[in-house]
Amino acid sequence: MRPRATFLLKFALLIVVLYLAVALRPVDRHVVTPFSEAITAASAWVLNGVGEPVVREGTMIRSPRFAVDVKNGCNGLEAVLLLVAAVLAFPASWKAKLIGVVGGTLAIEALNLVRVTSLYVLGRDYPHLFETFHVTVWQAVIFVLTIAMFLVWSARVAPPQSPASA
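All values derive from a computational prediction rather than experimental measurement.

Turning to the pattern of salt bridges, a few remarks are in order. Tallied over the full model, the rule gives five salt bridges. Residues Arg62 and Glu57 are paired through a salt bridge, measuring 2.4 Å at the closest nitrogen-oxygen approach. Taking relative accessible area as the criterion, Arg62 reaches 32% and is therefore assigned partly exposed. One connected set of salt bridges, linked through shared partners, spans Glu52, Arg65, Arg124 and Asp125.

On to the packing of helix α3 (residues 77-89) against helix α4 (residues 94-125). Here α3 crosses α4 at 165 degrees, and the two axes come no closer than 9 Å. Accordingly, the angle class assigned to the pair α3 and α4 is roughly antiparallel. Considering how the two elements wind past one another, α3 and α4 form a crossing that is right-handed. Across from Leu77, Ala79, Val80, Leu83, Val84, Val87 and Leu88 in α3, the residues of α4 making contact are Trp94, Lys97, Gly100, Val101, Gly104, Thr105, Ile108 and Glu109. Considering only residue class, the contact of α3 with α4 consists of 10 nonpolar, three polar and two charged.

Applying the stated criterion to the full structure yields eight aromatic pairs. Ring centres of Phe150 and Trp153 lie 6.0 Å apart, and the angle between their planes is 35 degrees; this geometry places the pair in the tilted category. With Phe150 and Trp153 both in helix α5 (residues 127-157), this residue pair falls three residues apart, about one helical turn. With respect to class, Phe150 is no different from Trp153; both count as buried. Here a set of aromatic residues connected by ring pairs shows up, and it is made of Phe7, Phe11, Phe90, Phe150 and Trp153. In this structure, Lys97 is placed above the aromatic ring of Trp94, and the distance from its NZ or CZ to the ring centre is 4.6 Å.

Rules used throughout
- Residues numbered from 1 in each chain as written.
- Predicted model: local features only at pLDDT ≥ 70, side-chain atom pairs only at ≥ 80, totals over all residues.
- Heavy atoms only, no water.
- Salt bridge = Lys/Arg side-chain N within 4 Å of Asp/Glu carboxyl O.
- Buried < 20%, exposed > 50% of the residue type's maximum accessible area, 1.4 Å probe, protein only.
- Axes fitted to C-alpha atoms, helices over the stretch in contact; angles between N-to-C directions.
- Helix = DSSP H or I, 4+ residues; strand = E, 2+ residues; numbered from the N terminus.
- Parallel < 35°, antiparallel > 145°, perpendicular 65-115°, else oblique.
- Left-handed = near helix turned anticlockwise from the far one by under 90°.
- Contact = heavy atoms within 4.5 Å.
- Nonpolar A, V, L, I, M, F, W, Y, C, P; charged D, E, K, R; others polar.
- Phe/Tyr/Trp six-rings, centres within 6.5 Å; stacked < 30°, edge-to-face > 60°.
- Lys NZ or Arg CZ within 6 Å of the ring centre and 35° of its normal.

Structure follows, in structure tokens:
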């Protein structure tokens, strides 16, 4: 099978398996929800650290002026799954894959932390912009940067190409 077709088949299978796993109720309850709560806790910590008094309750950050609820879909997990599937499907060493998955996940979640905190501020100060940034702008930014991370990583770890025969 051609290398590109093999990659695409592996990628598609991994995406399906990873998304189905995350959709399972026990995985949601014991992995996804605690993960969302951790993102919420980190976001509340950042907001409090810059002088924005907020309270965190579960997956919610609130103040008297505004509240956001970090549900699945807002926790960066979909982008992480996309990256994990692409990295695992790519022909590279397991060490390179581990570095790609861990480094990429940390980068995506750091970006998602900026996303959640900025959405709180936007919702508080510019509520008319909240939905546009929540649904369109930030989603696009995170997924484009996730794809860019994979492209940069894969270019660095790709096996050397043999010269085309004449």
